[in-house]
Amino acid sequence: MVTMRKPVIEVAGLRCRYGDFEAVRGVDFEVLEGELFALLGTNGAGKTTTMETLEGLRAPFAGTVRVMGVDPWRERAALRARTGIMLQDSGFPADLTAREMVRLWGVTSGRRATEDVLERLDLAHRRDVRIKQLSGGERRRLDLALAVLGRPEVLFLDEPTTGLDPESRQRTWEVVRGLLGDGTTIVLTTHYLEEAESLAHRLAIMHEGVVAVSGALVDVLAAQPARISFDLPGRLDVTALPMLAGDVVHRPSGRVEVRTAELQDDLAVLLGWARREGLRLGRIRANHASLEDVFHSARTGKEVVAA
Amino acid sequence: MIAALGVAELKLLLRNRTAATLAVLMPLAAGMFFAFTMNGEEGGWTVIVTLQLMFSFGFTVYVTVTTALTARRQDLYLKRLRTGAASDVVVLTGILLPVVVLGLAQALVLLGISVAAGAPMPARPDLLALALVGGAAISCAAGVCTSGLTGTAELAQITTAPFFFAMVVGGLISTDGVPDVRVLLLPGSGLGTLIQAAWGGPTERIGLAMLSTAAWIAAATALSVRFFRWDPRG
């Protein structure tokens, strides 16, 4: 994919340590203007540590990080009014009300507070309730409301939808899509792969402190084999199948699985063969790789790099 | 920004019943108890006023600063504030300011109560002012430092005890004429010496008392820089 967009975030050779433990062990990536970049990985993969370095909350042990051309650790103040940050933990004082928190944040974030953010996130009716009395989902929405206050140019969202009910999650996605429409650059971490799949333009999957997979979503997905699966009629063996481009596995359950880079061709061959032989294949499924498949192979250590 | 942070902090302090009781009611009640039940004759007022100020600084400023900063860190509120535009110094100033104002207001109210109960006016109000400013500064700096060594707001009740008692004891010993000069090593002793001098007591130790107070402020500030944490994760 050729693009003229310029990188807004540049990370090169990033290493981060907690004492002797190296949580991030050499990470490189770029985030382009106006895109949503998803940082994925299991717990402890180094996502949040990487995020906190981008946010200017911790100094890198080695390597360089630039956000809009500026070192976020050394020049935190220069970036603050232009970046919105939603930490993994909201960090709310329990005894302030939602409205008081919005007002305070309007001043301390360096961006203007408008109470209509509460409306946008369906919190207007809860504005005078103390934060400790808000539900988990309401708190997370308040958190998002504060992060998007004053329309920052770059937004960091660290697990924004963890613990949300489906409706709140949808609302969060709407807000995120709206911001993307306005040209905001977004870095997102999430444990919900379907969330990344529906929102991200590009992504990196981290595993044990390094980037295991990275690239544009479409390329990352295309690099993974697709899957065909079906039940073979009882008397047949896989040796009876026609020649396929993909690898065939016969599961003990009787189900046959074909992992193939040529989904359309293999499927055509297979269906043609079944028709000629007068066979009925049971419960046929054919899927392109999902992010879940990519994630799984990244965790099991098989390197996949999509350019 | 400091004003907005300060207003928020004051609300948080007054809305938390435990913290508000400890910071506001306790020192007021203790201070009134000292004023009305202790014998103020023959220089006894110096001891009473010293106790009142030590309780104001100790509870209202020192313990409250320690507890508040620890609680805010535990809530990850400090971490959130660092994602905003306020610098670290502005954030700390905003949080400390209402506590200091509260402590000083309380000290003045208690002094007023003592005067109403029969205490003489200070002969050297300038020295009293110096003691108030010094006391607030020592308590703030020590509170920031202690919170760095305190994991949870509940633990603050324990971690604040040593410095609190050292300050009260130092203050009390130093109001008794001209004690051994080593007493000035204790945190509250410079303040006690200044208070005694403000009410016409011996003045030859004023220089040393100011030096002791300044040294404690400097030491506590240096230790704060070393020990204070913004994030419970370290």
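Residues numbered from 1 in each chain as written. Chains lettered and ligands numbered in written order. Predicted model: local features only at pLDDT ≥ 70, side-chain atom pairs only at ≥ 80, totals over all residues.

S.K.: Is there a simple way to think about the overall build of chain A in this case?
M.R.: Scanning chain A from N- to C-terminus turns up 10 helices and 13 strands. For chain A, buried positions account for 42% of its 307 residues. Taking the contacts inside chain A whose residues are at least 6 apart along the sequence as the reference set, 68% of them involve residues at least 24 apart. (Helix = DSSP H or I, 4+ residues; strand = E, 2+ residues; numbered from the N terminus. Buried ≥ 20, exposed ≤ 12 C-beta atoms within 10 Å, placed from the backbone. Contact = placed C-beta atoms within 7 Å.)

S.K.: How should the overall build of chain B be read in this particular structure?
M.R.: A tally of helices and strands in chain B yields 10 helices and zero strands. In sequence order, the secondary structure elements of chain B are arranged as α-α-α-α-α-α-α-α-α-α. Since a compact globule built from 234 residues should have a radius of gyration of about 17 Å, the 18 Å found for chain B is in line with a globular shape. Dimensions of chain B along its principal axes, counting C-alpha atoms only, are 55 × 35 × 30 Å. The buried share of chain B, reckoned over its 234 residues, is 53%. Taking the intrachain contacts of chain B between residues at least 6 apart in sequence as the baseline, contacts between residues at least 24 apart amount to 77%. (Rg over C-alpha atoms; globule rule 2.2 N^0.38 Å.)

S.K.: Just to check I follow, could you spell out the pairing of strand S3 (residues 36-41) of chain A for this structure?
M.R.: Two faces, one strand: in a regular strand the side chains alternate between the faces of the sheet. Residues and elements named next belong to chain A. Counting buried positions along S3 gives six out of six residues, so the element sits mostly inside the fold. Burial along S3 is two-sided: the residues Leu-36, Ala-38 and Leu-40 and Phe-37, Leu-39 and Gly-41 are all buried. Looking at chain direction, S3 and strand S7 (residues 185-189) are connected through four bridges and run parallel. Across the sheet, the residue bridging to Leu-36 is Ile-186, located in S7. Across five bridges, S3 lies against strand S8 (residues 202-207) in parallel orientation. Paired with Leu-39 across the two strands is Ala-204, which belongs to S8. (Pairing = 2+ DSSP bridges.)

S.K.: Explanation requested: the domain arrangement of chain A in the structure shown.
M.R.: By a widely used convention, the size of an interface equals the accessible area lost when the partners come together. If you check the domain split of chain A, you get domain 1 (1-82 + 192-223 + 291-307) and domain 2 (225-288). Using only C-alpha atoms to locate each centre, domain 1 of chain A and domain 2 of chain A end up separated by 37 Å. (Domains from an automatic or database assignment.)

S.K.: Please explain the interface of chain B and chain A as it appears in this structure.
M.R.: Facing 21 residues of chain B, the contacting portion of chain A comprises 21 residues. Those elements that provide at least two residues to the side of chain B that touches chain A are helix H1 (2-15) and helix H4 (77-82) of chain B. Top element by residues in the side of chain B that touches chain A is H1(B). It accounts for six residues. Of the residues contributing to the side of chain B that touches chain A, the split by class is 10 nonpolar, four polar and seven charged. (Nonpolar A, V, L, I, M, F, W, Y, C, P; charged D, E, K, R; others polar.)

S.K.: Help me understand the nonpolar core, please; the structure alone is not making it clear to me.
M.R.: Across soluble globular proteins, nonpolar side chains have a tendency to be buried as a group. Counting residues in hydrophobic clusters, the biggest one holds 146 residues, and the most contacted among them are Met101(A), Ala145(A), Val187(A), Leu203(A), Ile205(A) and Ala131(B). In terms of residue count, the dominant contributor to this core is helix H3 (residues 44-74) of chain B (17 residues). Dropping the residues within four chain positions of it, Ala145(A) is found in contact with Val102(A), Val117(A), Leu118(A), Leu121(A) and Leu123(A). (Core = buried A, V, L, I, M, F, W, Y, C linked by C-beta atoms within 7 Å.)

S.K.: In this structure, what is going on with the sheet that holds strand S13 (residues 282-287) of chain A? I would like to understand it.
M.R.: Sheets are built from strands that pair by backbone hydrogen bonding, the pairs being arranged parallel or antiparallel. Residue and element names in this part refer to chain A. The strand order S11-S12-S10-S13 describes an open sheet built from four strands, whose pairing is antiparallel. Looking at strand neighbours, the two that pair on one side only are strand S11 (247-250) and S13, the edges of this open sheet. The mean angle between the axes of side-by-side strands here comes to 15°, regardless of whether they run parallel or antiparallel. The pairing of S11 with strand S12 (residues 255-260) spans four bridges and is classified as antiparallel. Residue pairing across strands places Val-249 opposite Glu-257, the latter belonging to S12. The sheet contacts of helix H9 (residues 263-277) involve strand S10 (226-231), S12 and S13, and relative to S10 the element is tilted by about 20°. (Axes fitted to C-alpha atoms, helices over the stretch in contact; angles between N-to-C directions.)

S.K.: Is there a simple way to think about unusual backbone geometry in this case?
M.R.: Generally, phi is negative for residues other than glycine and the peptide bonds are trans, each holding for most cases. Residue and element names in this part refer to chain A. Although it is not a glycine, Asp-122 sits at a positive phi angle of roughly 60°. Given 15 C-beta atoms within a 10 Å radius, Asp-122 is considered partly exposed. Of note, the phi angle at Arg-283 is positive, near 45°, even though the residue is not glycine. In this fold, Arg-283 is placed in strand S13.

S.K.: Help me out: how do you make sense of the pairing of strand S2 (residues 21-32) of chain A in this one?
M.R.: One ladder, built from nine bridges, connects strand S1 (residues 7-18) of chain A with S2(A); its direction is antiparallel. Within the sheet, the bridge partner assigned to Leu14(A) lies in S2(A) and is Val27(A).

S.K.: Would you explain H9(A) in this entry?
M.R.: Since one α-helical turn is 3.6 residues long, residues separated by three or four positions face the same way. Residues and elements named next belong to chain A. Over its 15 residues, H9 extends 21 Å from the first C-alpha to the last, a length consistent with the 21 Å expected when each residue adds 1.5 Å. Listed in full, the buried residues belonging to H9 are Leu-263, Asp-266 and Leu-270. Burial along H9 is one-sided: seen end-on, the buried residues are contained in an arc of 80°. Opposite the buried face of H9, at more than 90 degrees from it, the exposed residues are Gln-264, Ala-268, Gly-272, Arg-275 and Arg-276. Along its buried surface, H9 packs onto S10, S12 and S13. Phi turns positive, to about 70°, at Gly-278, one or two residues after H9. (Expected span 1.5 Å × (residues − 1). Arc of directions from axis to C-beta.)

S.K.: Would you take a moment to explain the confidence of the model for chain B for this structure?
M.R.: Interpreting fine coordinate detail is not advised for predicted regions of low pLDDT. All names here are of chain B. Residues of chain B with pLDDT of at least 70 account for 99%, and the chain-wide mean is 93. Predicted confidence in chain B is weakest over helix H2 (residues 17-37), with a mean pLDDT of 91, and strongest over helix H6 (residues 125-148), with 97. Across the assembled chains, the prediction reports ipTM 0.88 with pTM 0.87. (pLDDT = per-residue confidence, 0-100.)

S.K.: What should I look at first to understand the sheet that holds S1(A) in this one?
M.R.: All names here are of chain A. If you walk across this open sheet you meet the three strands as S2-S1-S4, and the pairing is antiparallel. With one partner strand each, in any of the chains shown, S2 and strand S4 (62-67) form the two edges of the open sheet. When strand polarity is set aside, the average angle formed by the axes of neighbouring strands in this sheet is 20°. With five bridges joining them, S1 and S4 adopt antiparallel strand pairing. Residue Ala-12 lies in a different strand from S4, and its bridge partner there is Thr-64. Contacts from helix H1 (residues 47-54) reach S1, S2 and S4 within the one sheet, and its direction differs from that of S1 by about 120°.

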